[in-house]
Amino acid sequence: MELIKQLAALVGLQDSYVHAQGHTEVISLDKQQAILQAMGYDLTSNDAIQDKIVELSEQPWLEVIAPVTVCQQGEPLHIRVQQLQQNAVSDWQWQINTEEQQQFSGSLTIAAKDISERQQTRHGEVLAAELVLDISLPLGYHQLTLSNNRQHYSQQLIITPQRCFQLHDKAVLHKTFGPAIQLYAVKSARNWGIGDFADLQQMVAPLAAQGVDFIGLNPLHALYPELPQDCSPYSPNSRLWLNTDYVALEHTAEYADCAAAQQLVSSESFQHRLQHLREQSYVDYIGVAAAKKAVATLLFQQFKQQHLAKNTTRAAQFQQFVADGGDSLRQLTIYQVLQGQLFQQDWNMAAWQNFPQQLRDPHSSAVAEFASANSDAINQQLYLQWQAQLQLAEVKRLCQQHGMAIGLYCDVAVGTSRSSAESWGAPEDYLLDLSVGAPADIMAPKGQNWGLLAYNPQTLRQKAYQPFIALLQANMRFAGALRLDHVMALLRLWCCPVGADATAGAYIRFPAADLFAILALESQRNSCVVIGEDLGTVPVEISHLLAQYQVLSYRVFMLEQKPGSYDYAAQTYPELALATVTTHDMPTLVGYWQQGDLELRHELDLFPNPQVADSLYQLRADEKQLMSQRLQLHEGDYQQLIRASHLFTAQQPARLFAFQLEDLLLMSTPVNIPGTSNEYPNWRRRLTDNIDAILQCQDVLQLIADIKTARQ
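Described below are features of the structure shown in this document.

### What to know about empty space enclosed by the protein
Here is step 1 of the chain: Using the criterion set out here, one finds six cavities of 30 Å³ or more in the structure.
Here is step 2 of the chain: Approximately 230 Å³ is the volume found for the largest cavity.
Here is step 3 of the chain: Forming the boundary of the largest cavity are 22 residues, of which R239, V414, F468, A489 and L490 lie nearest the centre.
Here is step 4 of the chain: Here the residues of the lining of the largest cavity are counted per class, giving 18 nonpolar, two polar and two charged.

### Points about the state of the cysteines
Here is the idea: a disulfide is a covalent bond, and it sits between the sulfur atoms of two cysteines.
Here is step 1 of the chain: Tallied over the entire structure, the rule returns zero disulfides.
Here is step 2 of the chain: For the unlinked cysteine C528, the closest cysteine sulfur is that of C410, found at 7.8 Å.
Here is step 3 of the chain: Its relative accessible area of 0% is what places C528 among the buried residues.

### Observations concerning the packing of helix α9 (residues 313-345) against helix α11 (residues 375-401)
To describe two helices that pack against each other, one gives the angle between their axes and the distance between the axes.
Here is step 1 of the chain: Where α9 meets α11, the closest approach of the two axes is 8 Å, and the angle between their N-to-C directions is 115°. For the pair α9 and α11, the crossing hand works out as right-handed. Here R314, Q317, F318, F321, V322, L329, R330, L332, T333, I334, Q336 and V337 of α9 lie close against α11, whose contacting residues are A377, I378, N379, Q381, L382, Y383, Q385, W386, Q387 and Q389.
Here is step 2 of the chain: Class assignment of the residues belonging to the contact of α9 with α11 gives a composition of twelve nonpolar, eight polar and two charged.

### A short note on the layout of surface pockets
Here is step 1 of the chain: In this model, the second largest pocket occupies a volume close to 640 Å³.
Here is step 2 of the chain: L240, G325, D327, S328 and A470 are the residues nearest the centre of the second largest pocket, which is lined by 27 residues in total.
Here is step 3 of the chain: Listing elements by their share of the lining of the second largest pocket, those giving two or more residues are β14 (238-242), α9, α12 (421-425) and α14 (466-476).
Here is step 4 of the chain: Top element by residues in the lining of the second largest pocket is α9. It accounts for seven residues.
Here is step 5 of the chain: Across the lining of the second largest pocket, the residue classes break down as eleven nonpolar, nine polar and seven charged.

### A few points about the sheet that holds strand β7 (residues 115-121)
Here is step 1 of the chain: The strand order β4-β8-β7 describes an open sheet built from three strands, whose pairing is antiparallel. Each edge of the sheet is formed by a strand with only one pairing partner; in this case those strands are β4 (77-84) and β7. Put simply, the sheet's adjacent strands are angled 20° from each other on average, direction ignored.
Here is step 2 of the chain: Sheet topology note: the β4/strand β8 (residues 124-133) ladder contains eight bridges and is antiparallel.

### Focus: helix α15 (residues 512-525)
Here is step 1 of the chain: Over its 14 residues, α15 runs 20 Å from end to end, which matches the ideal 20 Å to within 8%, given 1.5 Å per residue.
Here is step 2 of the chain: In terms of burial, α15 is largely enclosed, as ten of its 14 residues are buried.
Here is step 3 of the chain: Residues of α15 that are buried: A512, L515, F516, A517, I518, L519, A520, L521, E522 and S523.
Here is step 4 of the chain: The positive-phi residue at the C-terminal boundary of α15 is S527, with phi of around 50°.

### Looking at helix α1 (residues 2-10)
Here is step 1 of the chain: When α1 is considered as a whole, its buried residues turn out to be L3, I4, L7 and A8. Buried residues of α1, seen end-on, are gathered within an arc of 135° and therefore sit on one face of the element. Turned more than 90 degrees off the buried face of α1, the exposed positions are E2 and A9.
Here is step 2 of the chain: Close packing links the buried residues of α1 with α2 (29-38) and α3 (46-58).
Here is step 3 of the chain: G12 sits one or two positions beyond α1 and adopts a positive phi of about 80°.

### A word on the packing of aromatic side chains
Here is step 1 of the chain: Considering all chains together, one arrives at 26 aromatic pairs under this definition.
Here is step 2 of the chain: Note on W92 and Y153: the rings are 6.1 Å apart at their centroids and 50° apart in plane angle, and the pair reads as tilted. Pair noted here: W92 is in strand β5 (residues 91-97) and Y153 is in strand β10 (residues 152-160), with a separation of 61 residues, a long-range link.
Here is step 3 of the chain: For the pair Y566 and F648, a centre-to-centre distance of 5.1 Å together with 40° between the ring planes defines the contact as tilted. With Y566 in helix α17 (residues 563-567) and F648 in helix α22 (residues 638-650), the pair connects residues that are 82 residues apart, well separated along the chain. You'll find Y566 and F648 in the same group, each marked buried.
Here is step 4 of the chain: Through a chain of ring-to-ring contacts, three or more aromatic side chains come together here, namely F300, F303, F318, Y383 and W386.
Here is step 5 of the chain: If you follow R492 out to its NZ or CZ, it ends over the ring of Y507, 3.7 Å from the centre.

Here is what the cut-offs are and how they apply
Within each chain, residues carry numbers counting from 1 in the order of the written sequence. Two thresholds apply to this predicted model, a pLDDT of at least 70 for residue-level local features and 80 or more for giving and counting side-chain atom pairs, whereas whole-chain, interface and lining totals are computed over all residues. Neither water nor hydrogens contribute to the side-chain values; these are computed over all heavy atoms in the structure. As defined here, a cavity is a set of points on a 1 Å grid over the protein atoms alone where a 1.4 Å probe fits but cannot get out. A pocket is an open set with protein on both sides within 12 Å along at least five of seven lines, and residues line them when an atom is within 4 Å of a point. Grid points are joined across faces, edges and corners, and a volume is the space filled by probe spheres set on the points. Polarity classes work like this: nonpolar for Ala, Val, Leu, Ile, Met, Phe, Trp, Tyr, Cys and Pro, charged for Asp, Glu, Lys and Arg, and polar for all others, with Gly in that last group. Counting rule for disulfides: a pair of cysteine sulfur atoms within 2.5 Å. With a 1.4 Å probe rolled over the protein chains alone, any residue whose accessible area is under 20% of its type maximum counts as buried; one over 50% counts as exposed, and the rest are partly exposed. Fitting a line to C-alpha atoms yields each axis, with helices limited to the stretch in contact; the angle taken between N-to-C directions then spans 0 to 180 degrees. Numbering of helices and strands runs from the N terminus, with a helix taken as a DSSP run of H or I at least four residues long and a strand as a DSSP run of E at least two residues long. Left-handed is the label given to a crossing in which the near helix is rotated counterclockwise from the far helix by less than a right angle, and right-handed is the label when the rotation is clockwise. Contacts are assigned to residue pairs that have any heavy atoms within 4.5 Å of one another. Only strands joined by at least two bridges in the DSSP assignment are considered to pair. Given a helix with a known number of residues, its expected span is that number minus one, times 1.5 Å. This arc corresponds to the set of directions leading from the helix axis out to the C-beta atoms. The criterion for an aromatic pair is that two Phe, Tyr or Trp rings (for Trp, the six-membered ring) have centres within 6.5 Å, with stacked assigned to planes under 30 degrees apart, edge-to-face to planes over 60 apart and tilted to the rest. We count a charge as sitting over a ring when the NZ of a lysine or the CZ of an arginine lies within 6 Å of the ring centre and within 35 degrees of the ring normal.

Everything listed is a geometric property; what it means functionally is a separate question.
Laid out in structure tokens, this is it:
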């Protein structure tokens, strides 16, 4: 038992946590053991456990220098050098190459007075010296090389700012607001049954004219073109690339030149097909994907003949995009085609873990042969990624042109899917046999298992945090604000063995201080405000880190139905926050009032027992009574409910205010029910009207105008 505890502590597995309701929950020994085994540790004997404890304890001491050091700009640059006493060297040379190709160099002499710690290992005693380099480095990613006469050692130096970017850094001093939109849910007379980047482009001008500063979006991450039914934006194939179903194919340059595509789209049968897709209340992902694939194939053939075959300037631009995309882009597109072909043969092959052995490694000769044999299909996916980037870049340009203070407010999922190209391409980056979720709380009394992968914290450090850096850079590329789903993941993640439910989980810790510092660096470099979704079980450390790095908190009116939240509204919705009435993981405000979400949860057996159900019904009654009193609501007047709650929240000090279009349309059905997958049509429900009609509706425009006034 004691050995298990020691091992758990060494790998960051917490044996207890403070529940959202304030009491301490202890993780049983058998759950800890199951998680450790899923992390790959041999627990078959005490000797095996003891050996691993010794190995993990000694590992950090046997590094001459750490793989990465994160240091705040302006602070002394500390270099820790560790050497076995019998091999210790006193004289060292150092060199730093900065991002901007500047070079700094010098020499160090380690004296007895510099030895700060000693540690006995199986290899001998290690001496640790703490040295300070008297040098001021710019923000960014630099390379330190430390050498003696025999060996060279490298370390990534990451120099970070004190805080994240804020709007006042570019002289935006007013409180901002904008809609939060599920892009796939947008209806229009021209789209193909799913909202797309052309719809988004056409929203910018009318929204900007209303004084809107941003358009909030669901994650735009790449999904599964050949498995379109896997449609959750929070269970992505790759968080580094885009969902190509959002490409408006008729707005590409190739469409204007492709007679075959124009003929197909204008045909009576295809137009009938599109009309059917547009009329659906829920996105028909399979139907949309089939229609888009038929046209995309023709467009890529046009591009291939007109540009690739002739080495035109446009072909060179595409090839530069592919080269810049590197391994992650290439692997994604190979995986999309490979997964699709294997899935058609056997449904179990949706996950790469079930692929034939020779195809599980993206660097294998078998994968190279597959890529060569299927180059057209893979290049078509690369072409679609290119078009997605071009169209989203145009949205960003339009937001700037129309004077939006923020532009796009994007969202990044907390993890990647277990069956994703992300994990196929770099399996060592993830804890492959654990699934991310959340412990039980008021929103999900049975807890949640999201089926997502967590980073492996050891690999993350060994790679100098490069996977996390790449994630931020990819998602800030088009964003003026970025929401980190479940921001607590930077400190700890609730993980349970694959196949177990959420109650079998425990928290695994992550290097939060380094991750938040890197977040601040990328935020400043991209002039991107950061919002941390801090709902659920939130440890005190996260609140401190959010404040320290000026990451905006996430405050939801619907979750703040307590007398104090009205009496002390400025503290409930502080300046350093984004305020919203409800979210995509909650019922719409009308649905909340009608208690449709509770009825659905009852039908879907999401309550652990009748007592919890009764308590939640009672809590809802109390919350509604409080809202009625404080907002002076009239029973059954949903327009007043929407107006009063939105204007109350908009008036608060929070720097950002987001409203859901569904609420302004008095919609009652939720877009997502946490804790469900196939039980409810999550991520499919569409808006009730076309977007241009919504943005011309006088009731909607009047409420947006009143929100703008409240914000002032």
